[in-house]
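Commentary on secondary and tertiary structure
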Amino acid sequence: MSEAVLAAGAPRLAWRCRAIGAALFLLVLLLDQGSKYWILYGLDLPDRVSVPVLPFFNLTMVWNHAITFGMLGGLAGMGRIVFTALALAVVLVLTIWLARTTRPWVAGGLGAVMGGAIGNVIDRLHYGAVVDFVHLHAYGHSFYVFNLADASIDCGVAILLFDSLTERRGLAETGQRR
């Protein structure tokens with residue numbers, strides 16, 4: 001194909017990527033907030049504390065005042081402001097990246113990260129902490145309690161890392177520069 005034909009298709013591909021990113025953003029945000037609403041008001045997990053679901057999976061109520069894996073929990077009340085501002089700044093940068101990408105996988109990863117980040121921002125603003133409830137455990141090991149927003153952020157970042165690594169390898173194999 002000629003470069004002119006490829007260039008003509010770029011705006012369409014960019015819009016398609018924006019739509020993919022926006023769809024993933026909304027899907028993650030709705031599933032995250034819906035699951036948290038059900039955990040808090042349907043299942044009433046704050047009063048029940050923990051509910052066994054499977055031998056390796058419990059629904060366990062944790063109010064997370066820190067960030068991933070409890071990091072930076074020592075910021076106390078300032079954490080709510082700092083983590084919210086940081087998350088919003090990251091989402092702004094990712095939105096610019098989404099607007100410029102023509103890679104559907106990247107758009108999906110960005111949408112997942114942004115949806116998860118905004119879901120946790122909503123929690124911080126509404127409850128003062130993030131609602132975590134997914135508790136995986138096996139053979140005497142207990143993993144950190146997390147939520148769907150956290151899982152979406154992790155999956156989105158993994159997609160972005162994988163894409164970055166495979167794109168660089170593809171460029172190196174063809175001798176192209178980025």
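Structure first, text after, so check above.
A brief structural summary. Worth saying up front: this structure is predicted, and the values here are computed from it rather than measured.

1. Considerations on the pairing of strand S3 (residues 130-138)
- The buried fraction of S3 amounts to seven of the nine residues, a majority that puts the element mostly inside the structure.
- Direction of pairing for strand S2 (residues 57-64) relative to S3: antiparallel, over a ladder of six bridges. Bridging from a neighbouring strand, phenylalanine 57 pairs with leucine 136 of S3.
- Across two bridges, S3 lies against strand S4 (residues 141-142) in antiparallel orientation. Across the sheet, histidine 137 pairs through a bridge with serine 142, a residue of S4.

2. Notes on the side chain of histidine 137
- Here histidine 137 shows up in strand S3.
- Of note is the side chain of histidine 137, whose polar atom sits 3.1 Å from the side chain of asparagine 58.
- Not counting residues within four places of it along the chain, the set of residues in contact with histidine 137 comprises Pro55, Phe56, Phe57, Asn58, Ser142 and Phe143.

3. Points about helix H4 (residues 104-127)
- In this model, H4 (24 residues) spans 34 Å end to end at C-alpha, consistent with the 34 Å of a helix rising 1.5 Å per residue.
- In terms of residue burial, H4 counts as a mostly covered element, since 18 of its 24 residues are buried.
- Once H4 finishes, glycine 128 follows within two positions and takes phi at roughly 85 degrees, a positive value.

4. Examining unusual backbone geometry
- Phi is positive for valine 49, close to 70 degrees, though the residue is something other than glycine.
- Along the polypeptide, valine 49 turns up in the loop between helix H2 (45-48) and strand S1 (50-54).
- Phi at tyrosine 139 is positive, roughly 50 degrees, even though this residue is not glycine.
- Here tyrosine 139 shows up in the loop between S3 and S4.
- On the basis of relative accessibility, which here comes to 84%, the residue tyrosine 139 falls in the exposed class.

5. Quick look at the pairing of S2
- Burial analysis of S2 places six of its eight residues in the buried class, the great majority of the element.
- When S1 meets S2, the two strands line up antiparallel, connected through four bridges. By the bridge assignment for S2, valine 51 is matched with leucine 59.
- The loop that links S1 with its antiparallel partner S2 comprises two residues.

Scoring rules and cut-offs
Residues numbered from 1 in each chain as written. Predicted model: local features only at pLDDT ≥ 70, side-chain atom pairs only at ≥ 80, totals over all residues. Heavy atoms only, no water. Buried < 20%, exposed > 50% of the residue type's maximum accessible area, 1.4 Å probe, protein only. Helix = DSSP H or I, 4+ residues; strand = E, 2+ residues; numbered from the N terminus. Pairing = 2+ DSSP bridges. Polar contact = N/O pair within 3.5 Å; in protein donor to acceptor, adjacent residues only side chain to side chain. Contact = heavy atoms within 4.5 Å. Expected span 1.5 Å × (residues − 1).

Fair warning: the whole summary comes from geometry, so function is off the table for now.
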